[in-house]
Amino acid sequence: MMTEERSTMNFLGWLKRPRAAVMGAGPGLAGAGAGSVAPAEARRDTNPRPGPADRLFHGVGRTAAITVMTTMGFIGVFLLYKALPALRRVGWSFFTETQWLPSSTRFGVGAVLPGTILIAGVALVVAVPLSICTALFVAEYAPRALRRPMVSLLDLMAAIPSIVYGLWGFFFLQPRAITVSRWLTDHLGWLPFFRTDGGASGLGQYASSTFIAGLVVALMVTPIITSIMREVFSQAPAGEREGALALGGTRWGMIRAVVIPFGRGGMVGAVMLGLGRALGETIAVYLIIAPLFASPGRMTHILQQGGMSISSLIALRYNESGSFGLAALFGAGLVLFALTLVVNAFASTIISRSRSGAATEI
């Protein structure tokens, strides 16, 4: 009995010992004193010093980021420097003037800026639903044997030059899109965007319009948007996918509850990237659209012949412009550059608040 009581008291005393002493008395540390702690080499280093490879990667990444930001800054400064003579001459009227007559100091982006936005808007209205459906089909519904060829085809379509899309749109798409434009005018002409002035007769008034140029640009940006969305959808957490299906949900229910919410930020980023491509597209728009400088109200008639964008304006007037005319074109390019930066900044803000690309929460 005395031996059992002594063993119990020794055990209770061992439990009351300080934690450091208990760790010091563990296996492999026999003979350590009551106040001793684990040696330094036995403790885990929570803040290891970076190795040479880590320091090299960190330096290369920082250098690349600084180089990109510096290059963007130099581009903006260069455009501003070249555009200053024209901007000083006309002042703030550069943003409201609808004519482009540098020799008469009557020029501005009041007509071409709305045209640029309208062409990009038409392209996104057509491309975004098509891209979402295609990306979901490739990522979720397509058979495994067809998935790889479809992904390769999408990547190949994104690499086709703009001149090819422009020629295809001019010779093949435009004659067929004219009938669509006329149908929209006949049945939805009460809407401002589908209204025509009636200045021309026949189907000729629907050719070379903002609508047709937007369709061509939509086909150009669809592969880019689709590729990014497909990649984002494929990264949705497998555990959440299986959990939604295990709870009795259908595949479409799983897509709505898991895939689309997870990829919302990536979807916005893909759309903004496509918008940047649509805003700056030059060759295809230049081949399709008929140059027209008109009031913003007239430019909103997207089905009627005529229109203009900033990029096509620069391509149209570059060779025939003098020094002052080139300064005016640099001013138009500066506006397009600033517009693209605003769009990308807005997209970055939305993506940073999204869950896309985040690790699965446990």
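The paragraphs below set out a description of the structure included in this document. Note that the structure is a prediction, hence the values are computed from the model and not measured.

Brief notes about the overall build of the chain
Here is step 1 of the chain: Counting its regular elements, the chain contains 14 helices and 2 strands.
Here is step 2 of the chain: The burial tally for the chain puts 37% of its 362 residues in the buried class.
Here is step 3 of the chain: Considering only contacts within the chain whose residues lie at least 6 apart along the sequence, 74% involve residues at least 24 apart.
Here is step 4 of the chain: When the accessible surface of the chain is summed, it comes to about 21,000 Å², and 66% of that surface belongs to carbon and sulfur atoms.

Comments concerning the layout of surface pockets
To find leftover empty space, a probe the size of one water molecule is rolled over the atoms.
Here is step 1 of the chain: The calculated volume of the largest pocket comes to roughly 200 Å³.
Here is step 2 of the chain: What lines the largest pocket is L118, G121, V122, V125, V126, L184, F193, F194, F211, L215 and I302.
Here is step 3 of the chain: If you list the elements that add at least two residues to the lining of the largest pocket, you get α4 (112-141) and α7 (210-234).
Here is step 4 of the chain: Sorting elements by how many residues they give to the lining of the largest pocket places α4 first, with 5 residues.
Here is step 5 of the chain: Per-class residue counts for the lining of the largest pocket are 10 nonpolar, 1 polar and no charged.
Here is step 6 of the chain: Within this model, the second largest pocket holds a volume of roughly 160 Å³.
Here is step 7 of the chain: Forming the walls of the second largest pocket are L79, I314, Y318, L326, L329, F330, G333, L336, F337 and T340.
Here is step 8 of the chain: With 7 residues, the top contributor of residues to the lining of the second largest pocket is helix α14 (residues 323-352).
Here is step 9 of the chain: Here the residues of the lining of the second largest pocket are counted per class, giving 8 nonpolar, 2 polar and no charged.

The rules behind each value
Every chain is numbered on its own, with residues counted from 1 as its sequence reads. Note on the predicted model: pLDDT of at least 70 is required for a residue's local features to be given, and 80 or more for side-chain atom pairs to be given and counted; whole-chain, interface and lining totals, by contrast, use all residues. As a rule here, side-chain values come from all non-hydrogen atoms in the structure, and water together with hydrogens is ignored. We count a stretch as a helix when DSSP gives it H or I for four or more residues in a row; a strand needs E for two or more, and each element gets its number in order from the N terminus. Categorising residues by exposure relies on relative accessible area from a 1.4 Å probe, with only protein chains included: less than 20% of the type maximum marks a residue as buried, more than 50% marks it as exposed, and the intermediate range marks it as partly exposed. Residues are treated as being in contact if the distance between any of their heavy atoms lies within 4.5 Å. Residue exposure ignores everything except the shown protein chains as possible cover, and the areas themselves are Shrake-Rupley values with a 1.4 Å probe. A cavity here means a set of 1 Å grid points, computed over protein atoms only, where a 1.4 Å probe fits but cannot escape. A pocket is an open set with protein on both sides within 12 Å along at least 5 of 7 lines, and lining residues have an atom within 4 Å of a point. Grid points are joined across faces, edges and corners, and a volume is the space filled by probe spheres set on the points. Residue classes follow a fixed rule: Ala, Val, Leu, Ile, Met, Phe, Trp, Tyr, Cys and Pro count as nonpolar, while Asp, Glu, Lys and Arg count as charged, and any other residue, Gly among them, counts as polar.

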